[in-house]
Every structure is written in C-alpha cells, then in structure tokens.
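# Structural description and commentary
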Amino acid sequence: MMKRRLIACTMQMDVIRYVMRQYHRKIPIAWISRTFHNQKQILHAKIQDFINCSQDADEILLSYGLCGNAVLGLRSEKTKLVVPNFDDCISQLLYTDRKRPHKRIAFTEKGCYYLTREWTMDQEAIVPQCQKICQMYGEDNGRQIIQQIYSGYHSLVLLDTGAYDVAEIHDYAKQGALYTGMQVRVEKGSCDIMKKLILRNYDQTIAVFEPGEKITRQRLTGISL
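Anyway, here's the lowdown on the structure attached to this text.

Reading guide: rules and limits
Residues numbered from 1 in each chain as written. Predicted model: local features only at pLDDT ≥ 70, side-chain atom pairs only at ≥ 80, totals over all residues. Heavy atoms only, no water. Phe/Tyr/Trp six-rings, centres within 6.5 Å; stacked < 30°, edge-to-face > 60°. Helix = DSSP H or I, 4+ residues; strand = E, 2+ residues; numbered from the N terminus. Lys NZ or Arg CZ within 6 Å of the ring centre and 35° of its normal. Salt bridge = Lys/Arg side-chain N within 4 Å of Asp/Glu carboxyl O. Buried < 20%, exposed > 50% of the residue type's maximum accessible area, 1.4 Å probe, protein only. Core = buried A, V, L, I, M, F, W, Y, C linked by side-chain atoms within 4.5 Å. Contact = heavy atoms within 4.5 Å. Axes fitted to C-alpha atoms, helices over the stretch in contact; angles between N-to-C directions. Parallel < 35°, antiparallel > 145°, perpendicular 65-115°, else oblique. Left-handed = near helix turned anticlockwise from the far one by under 90°. Nonpolar A, V, L, I, M, F, W, Y, C, P; charged D, E, K, R; others polar. Polar contact = N/O pair within 3.5 Å; in protein donor to acceptor, adjacent residues only side chain to side chain. Pairing = 2+ DSSP bridges.

### Brief notes about the packing of aromatic side chains
Inspection of every chain in the model, using the stated rule, returns 4 aromatic pairs. Centroid distance Tyr113 to Tyr153: 5.9 Å. Interplanar angle 70°. Geometry classified as edge-to-face. With Tyr113 in strand β5 (residues 112-115) and Tyr153 in the loop between α6 (139-149) and β6 (155-160), this residue pair connects regions lying 40 residues apart in the sequence. Here the aromatic residues Tyr113, Tyr150 and Tyr153 are joined through ring pairs into a cluster of three or more. The ring of Phe209 carries the charged tip of Arg219 above its face, separated from the ring centre by 4.5 Å.

Below you can see the structure in the form of structure tokens.
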C-alpha cells in the first residue's frame, strides 16, 4: 500500500477533515499554523522541515498553493511532492470542475473579502482587527481608519464548501459588515481540489514533483484571478 503524508495549513482543517470522513481516508497530517503566512521564510522552513522528516513516505502532499511564493524552492530528496496548482487556499475553495473543467482560471472576485469558518477563528481576521483599531484610536476615529483600510472591498463573502455549517459564521460576518460597510453574501464553494489531492485524482490542477526536483514558478504556475 502506498504510504502518503500530508502537510497542511490549519486554515484548511474543515475541508481536509470533511473529505477524509466522506471517503474514509486516513492520511497522517502535520498541521502548520496559519500565523506563519505573514512570515514567508519561516513558513518555507517549517514546511521543508516536515518534508525532511517524511522521507519514509512514497508521496508527500502539500495543502498549500504558492501562498506568496513560500513553497518555491521546496524539494523532497527521496519522495514525490504533490501540490495544488493554485495561488492560495481561497482559489482552491472557489474552483470547481462542474463550472469550468478545462480552463486554468479561478473565481475570486475583485473587492470581495472571503470568509471560511477557520478564518473567523483567526486573531488577525477582520473582526478582531477592527476591534483592535477601535480600542487603539477610539470608536469614531477607528471606524474612519477601518473604512480607509477596506475601501477597496464591497462584499464579505461566506464560502459554503459543505465542510461546515455556513450559518455558524453569519453573525461574525454581520459584525464585520457593521465595521466596514460591506455587504454580506454567501457563495457556493467546493472541496473538489482537496478531493483530488486526497483521493489521488491528479490532473492539471495538481502539480507532481519527482524526488529531488525543486518546486519552481515554471512548474507551479498557480491558478488565480
């Protein structure tokens, strides 16, 4: 039996666990905190460390896309690396084979701030950030600063991937909308990419790197806006 390992971001925990349950798969997972997305070199080093510790596997799966180019240069000496060919996790969650199965595009919309259940739990997400600004500068000044920060956004979009009950984050989104003036809406998301990764249904949306091969921009082009 093929031995596989998954290195994953905590921001994708719901989708990964959902697909594992739905298809009765058990793959050992090394979770990495989302907080390292703001420290690309540290994130790169942590992923590489987990890769180095998983050389007994036949395949190492990464849940990450390019993620600000943090994955570029990663390599596995003895084991294949399998990576979603996307810019980030939001692009992965918006992609669906049913919409456009053969086109290398994603479905992110300019001016949208996307939310999943995991993002509402993050201390750097929109609501705690707005609360912190109001505490620092006062309610009136704080709201003016917030309006400036989010002036390029018009919608708070809740991604309904089926991996969690989207109703659980409606109140959070409404709170964010009160601070920013955005409209709240729900958009259908997808677990299709995570299914392909976990079920080993690789196609053009999944990049496979041979042992010793570095992840490069030429090979991992990223499906984005």
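### Looking at the pattern of salt bridges
Scanning the model with the defined rule gives 14 salt bridges in all. Close ionic contact of Asp56 with Arg5 constitutes a salt bridge, the shortest N to O distance being 3.8 Å. Taken as a pair, Asp56 in the loop between α2 (40-52) and β3 (59-62) and Arg5 in strand β1 (residues 4-9) lie far apart in primary sequence, 51 residues in all. Residue Asp56 is classed as partly exposed on the basis of its relative accessible area of 45%. In this structure, Arg185 engages Glu109 in a salt bridge whose closest nitrogen and oxygen atoms are separated by 2.7 Å. Taken as a pair, Arg185 in strand β7 (residues 183-188) and Glu109 in the loop between α3 (89-94) and β5 lie far apart in primary sequence, 76 residues in all.

### Remarks on the nonpolar core
Counting residues in each nonpolar core, the largest one holds 72 residues, and the members touching the most others are Ile7, Ile47, Tyr64, Ile126 and Ile215. When near neighbours in sequence (up to four residues on either side) are disregarded, Ile7 contacts Ala30, Ile32, Ile47, Phe50, Ile51, Ile60, Leu61, Leu62, Ser63 and Tyr64.

### Notes on unusual backbone geometry
Phi angles above zero are rare outside glycine, and Cys67 is one such case at about 50°. Checked against the element boundaries, Cys67 lands in the loop between β3 and β4 (80-84). A residue is classified by how much of its surface remains accessible, and Cys67, at 8% relative accessible area, is buried. Not every positive phi belongs to a glycine, and Arg200 is a case in point at roughly 65°. Positionally, Arg200 belongs in the loop between α8 (192-199) and β8 (206-209). By relative accessible area, Arg200 is classed as partly exposed at 37%.

### Here we look at the packing of helix α5 (residues 126-137) against helix α7 (residues 170-180)
The contact between α5 and α7 brings their axes to 9 Å, and the two run at 40°. One way to sum up the angle between α5 and α7 is to call them oblique. Pair α5 / α7 crosses with left-handed handedness. For the pair α5 and α7, the contacting residues are Ile126, Val127, Pro128, Cys130, Gln131 and Cys134 in the first and Tyr172, Gln175, Gly176, Tyr179 and Thr180 in the second. Looking at the contact of α5 with α7 residue by residue, the classes come out as 7 nonpolar, 4 polar and no charged.

### As for the environment of Tyr202
Relative to the assigned elements, Tyr202 resides in the loop between α8 and β8. Along the sequence, Tyr202 and Val83 sit 119 residues apart, while their C-alpha atoms lie 9.8 Å from each other. Setting aside anything within four residues of it in sequence, one finds Tyr202 in contact with Arg4, Glu59, Leu61, Val82, Lys196, Leu197 and Val208. A polar contact is formed between the side chain of Tyr202 and the side chain of Arg4, at a distance of 2.9 Å.

### A short note on the pairing of β4
If a strand is regular, its side chains alternate between the two faces of the sheet. Along β4, 4 of the 5 residues are buried, which leaves the element largely enclosed by surrounding structure. Pairing analysis gives 3 bridges linking β3 to β4, with the strands arranged parallel. Its bridge partner lying in β4, Glu59 is registered against Lys80. Here 4 bridges tie β4 to β8, and the two strands are oriented antiparallel to one another. Within β8, the residue paired with Val82 across the bridge is Val208.

Don't take any of this as a statement about function, it's just geometry.
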